[in-house]
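As a plain string of letters, each chain reads:
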Amino acid sequence: DKMMEIGTRMIVSAVQQALVHHIRDVVWDRLLNQNPSEGFFFPDYCIAAFESLVYRRTLSSLDPVLRCLEMSCRSQAMCRKLTSCIRKAYGPSLVREFKYASTRHVVILEPDYTDLVFHIKMTFKQGTEKASRAQFFICHRETTVSAAEIGTRRNYECKCITSFVNLWSQFMFQLNLRQIMQADS
């Protein structure tokens, strides 16, 4: 009886874990494989699954200096400008955008490593231009990888973060240059 109970628990646990992985993989597949020319639709349940089942780390947890990214996106206007810059730089095939309640999400796909995306989540206060929070994440479909793949994962992670930080730096430089030129006129 005791062995039967232990066996049943193990089977139930394995089935539950398989279901969680299946939901995560369906959401990830939907994120990667939608045709941008047809528009991108990401239902509410997919957003909740994406945020809870995908392994995410904030950039500021990787390097506290990168907290300046979050501090720079405090208004909807700034977020719109940054999103427009991202669209231009990465193109429609690598950028996904969706809204959920008072949040706006921008996801940048990594074409050479499909288990990695860069995720920007902007939360807005209702009825105001102020963003109450902007968060920048590096996201992986799997929480762990084989020992052989760790180096590859880190390399693509660094490539993805570096690419975005460079884009953000150019964006901020151009924005500040415009403001200086307008002040001089």
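Residues numbered from 1 in each chain as written. Predicted model: local features only at pLDDT ≥ 70, side-chain atom pairs only at ≥ 80, totals over all residues. Heavy atoms only, no water.

Novice: Give me helix α1 (residues 2-33): which residues, what numbers.
Specialist: End to end, α1 covers 46 Å across 32 residues, agreeing with the expected 46 Å (1.5 Å per residue, within 8%). Of the positions making up α1, those classed as buried are Arg24, Val27, Trp28, Leu31 and Leu32. (Helix = DSSP H or I, 4+ residues; strand = E, 2+ residues; numbered from the N terminus. Expected span 1.5 Å × (residues − 1). Buried < 20%, exposed > 50% of the residue type's maximum accessible area, 1.4 Å probe, protein only.)

Novice: Describe the pairing of strand β4 (residues 116-124), listing the residues and the values that go with them.
Specialist: Across the 9 residues of β4, 9 count as buried, placing the element largely inside the fold. Burial of β4 is two-sided: the residues Leu116, Phe118, Ile120, Met122 and Phe124 facing one way and the residues Val117, His119, Lys121 and Thr123 facing the other way are all buried. Pairing of strand β3 (residues 103-109) with β4, which is carried by 7 bridges, proceeds in the antiparallel orientation. Bridging from a neighbouring strand, Thr103 pairs with Thr123 of β4. Between β3 and the antiparallel strand that follows it, β4, lie 6 residues. (Pairing = 2+ DSSP bridges.)

Novice: Residues and numbers for the nonpolar core, please.
Specialist: Ile86, Val117, Phe118, Phe136 and Phe164 are the most contacted members of the largest nonpolar core, which has 47 residues in total. Contributing elements (two or more residues each) for this core: α1, α2 (44-53), α5 (76-90), β2 (95-100), β3, β4, β5 (131-140) and α6 (150-184). Top contributing element to this core by residue count: α6, with 9 residues. Among all residues touching Phe164, those that are not within four sequence positions of it are Leu69, Leu82, Ile86, Tyr90, Ile108, Phe118, Ile120 and Phe136. (Core = buried A, V, L, I, M, F, W, Y, C linked by side-chain atoms within 4.5 Å. Contact = heavy atoms within 4.5 Å.)

Novice: Tell me about a nonpolar patch on the surface, and name the residues and values.
Specialist: Among the surface-exposed residues, Met3, Ile6 and Met10 lie close enough to one another that they form a single nonpolar patch of about 340 Å² accessible area. Along the chain, Ile6 turns up in helix α1. Relative accessible area serves as the criterion here: at 35%, Ile6 is assigned to the partly exposed category. (Patch = residues over 30% accessible without salt bridge, like charges linked within 9 Å, V, L, I, M, F, W, Y side chains within 5 Å. Areas by Shrake-Rupley, 256 points an atom, 1.4 Å probe, with all protein chains shown as cover. Salt bridge = Lys/Arg side-chain N within 4 Å of Asp/Glu carboxyl O.)

Bear in mind that shape data such as this cannot, by itself, settle questions of function.
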